[in-house]
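Coordinate inspection notes
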Amino acid sequence: MKTIISIVRKDFISEFRSRDMFISMFTFSLIIIFVFNLVLDLTSNIKNIVSPAVLWITFLFSGSIGLSRSYSLEKESEAIKGLLLAPVDRSLIYMGKFFSNLIFLLIIEIITIPIFIILFNYDFSIKIIEIMLVIFLGTIGFSTVGTLFSAISLNTRLREVLLPILYFPIIIPVLLNAVRITTSLLSGESLSSNSSSLQVLIAFDIIFFSAGLLLYEYVIEES
Amino acid sequence: MISVNNLQKRYGGISALKGLHFEISKGEFVLIFGPNGAGKSTLLKILSTILAPTEGEVYIDDINIYKTSHEIRRRIGFVSHEPFLYENLSALENLVFFASLYNVDNPLNKAKEILETLQLDVRENELVRNYSRGMKQRVALARALIHEPDILYLDEPFSGLDLLGTSIITNILKNLKAQGKTILMSTHSFDDCADLAERILVLINGEIAFMTSDVNKDHFKQKYLELVSINN
């Protein structure tokens, strides 16, 4: 636990100093939401169908920037090797990076939500707690896969390009189910009417978190 | 004792190390010498467990380092030409972070103490990003020593260092040798550290060309240059 907290703390101090990741993720989120808001003529009939997809695509794209950036910091001066030299189980390093990424993504998403509500003309009385729960589960999915795949792309020349190529296809089940539940919640339905989609999200999170714990050792070490 | 048996490393079709065998006694200071691309860095990365060999074994006190990596990592410190530090953290924050990974008691005091030894205490709160190459290298040495390892691997620790940096690191290495630490160092700066070495291992094209206890500078240079010119 101490190791995980040390890694998360180190990532936060580092990001607080540079703010590179927050600024790029937030700016990108804003641009995507603004662009979609400008180009789509959302009548009330289709608004609840299209806007959840816009929201999740925003999270996906800005998240991939953050995930890629979180390992760039490890690559600078090969700091990751200092981490790998330590007598620390690789699964703890995975968990540390996973929690850092999860918190960074959630912060950006929490800032993005009010902008989305205002631009897409929703009322703040929408089922925000239920929506936040879906966002939390979806973001765990993004972070489990993203942490693992960013590590895979770490030692490759094309890591900025490779991450989205590996990451986007795998994350489709999260995206589909999260959009489905959000659409349903924005249309006034309850969370319990989406139990199968919710189960898929939870199952995905558990499977990929476990896979990350088991596989991280093999992907992070130089061969 | 470090025992290396038939150590091989291949990158695709290229053999970086071709079946090395050697032993290093506890408390010994061994220099690894060789031309660029001889396999010195690869050897040190494998010994420090951050790179897996293609074949062969490395034992430290009869423990296979790849089967009990965690236990071995506690006993190893590694300084490379890259500092392995977080640039957005200060020297002190870096050392406290790494000390916490090694479960060092009172990491803050230990970090401060080691920074003072390396004459970096005045600038301990500055970001590593703003340090000169020589200062980064000294912090890297502090990182490698924070958990008081018995074995220290150094890969070109003097590259890019000024006279002061070289002298500080040389003095620290002298102290570590006096404390009985086992040290294996690759370098091109033979003159800076020949006096410290008890043995020299010469690597050429991934093979041990020779190992000698004759650390006389003139004898060694003559023999080495003859060998390198033959292999070229």
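A quick note: this is a predicted structure, and the numbers were derived from the prediction, not measured.

Parameters at a glance
Residues numbered from 1 in each chain as written. Chains lettered and ligands numbered in written order. Predicted model: local features only at pLDDT ≥ 70, side-chain atom pairs only at ≥ 80, totals over all residues. Helix = DSSP H or I, 4+ residues; strand = E, 2+ residues; numbered from the N terminus. Rg over C-alpha atoms; globule rule 2.2 N^0.38 Å. Contact = placed C-beta atoms within 7 Å. Buried ≥ 20, exposed ≤ 12 C-beta atoms within 10 Å, placed from the backbone. Pairing = 2+ DSSP bridges. Axes fitted to C-alpha atoms, helices over the stretch in contact; angles between N-to-C directions. pLDDT = per-residue confidence, 0-100. Arc of directions from axis to C-beta. Nonpolar A, V, L, I, M, F, W, Y, C, P; charged D, E, K, R; others polar. Core = buried A, V, L, I, M, F, W, Y, C linked by C-beta atoms within 7 Å.

Description of the overall build of chain B
The helix and strand tally for chain B stands at eight helices and ten strands. Since a compact globule built from 232 residues should have a radius of gyration of about 17 Å, the 18 Å found for chain B is in line with a globular shape. In terms of overall dimensions, chain B has C-alpha extents of about 50 × 40 × 35 Å along its principal axes. Sequence separation of 24 or more characterises 65% of the internal contacts of chain B that already satisfy a separation of 6 or more.

Considerations on the overall build of chain A
Within chain A, the regular secondary structure consists of eight helices and zero strands. In chain A, the succession of α and β elements from N to C terminus is α-α-α-α-α-α-α-α. For chain A, the C-alpha radius of gyration of 18 Å lies close to 17 Å, the compact-globule estimate for 223 residues. Its C-alpha atoms put chain A at 55 × 35 × 30 Å along the principal axes. For chain A, the proportion of its 223 residues judged to be buried stands at 44%. Long-range pairs, those at least 24 residues apart, make up 84% of the contacts in chain A between residues at least 6 apart in sequence.

Structural notes on the sheet that holds strand β10 (residues 207–212) of chain B
All names here are of chain B. Across the sheet, six strands lie side by side as β6-β7-β8-β3-β9-β10; this open sheet has mixed pairing. Looking at which strands have only one partner, the edges of the open sheet turn out to be β6 (76–79) and β10. Neighbour-to-neighbour, the strand axes of the sheet open up by a mean angle of 15°, direction not taken into account. Of the pairings in the sheet, the one linking β6 to strand β7 (residues 151–155) comprises four bridges and is parallel in character. Bridged to Val79 within β7 is Leu154. Contacts from helix α1 (residues 40–47) reach β3 (29–33), β7, β8 (182–186) and β9 (199–204) within the one sheet, and its direction differs from that of β7 by about 150°.

A look at the confidence of the model for chain B
Summarising the model, chain B shows a mean pLDDT of 87, and 99% of its residues fall at 70 or more. Across the predicted assembly, pTM comes out at 0.88 and ipTM at 0.86.

Describing helix α4 (residues 107–117) of chain B
All names here are of chain B. Of all the residues in α4, the buried ones are Pro107, Lys110, Ala111, Ile114 and Leu115. When α4 is viewed along its axis, its buried side chains cluster within an angular range of 130° and face the same direction. For α4, the secondary structure elements touched by its buried residues are α3 (91–101) and α5 (133–145). Looking one or two residues past α4, Gln119 carries a phi angle of roughly 55°, positive in sign.

Overview of the interface of chain A and chain B
In this complex, chain A contributes 23 residues to the contact, which on the side of chain B involves 24 residues. When contributions to the side of chain A that touches chain B are tallied by element, the ones reaching two or more residues are α1 (2–18) and α4 (79–85) of chain A. Of the residues in the side of chain A that touches chain B, the class split is eight nonpolar, seven polar and eight charged.

Points about the nonpolar core
Grouped together as the largest cluster of nonpolar side chains are 128 residues, with contacts concentrated most on B:Ile32, B:Leu95, B:Leu115, B:Val139 and B:Ala142. Ranked by residue count, the leading element in this core is helix α6 (residues 128–154) of chain A, at ten residues. Ignoring anything within four residues of it in the chain, the contact list for B:Ala142 reads B:Leu95, B:Ile114, B:Leu115 and B:Leu118.

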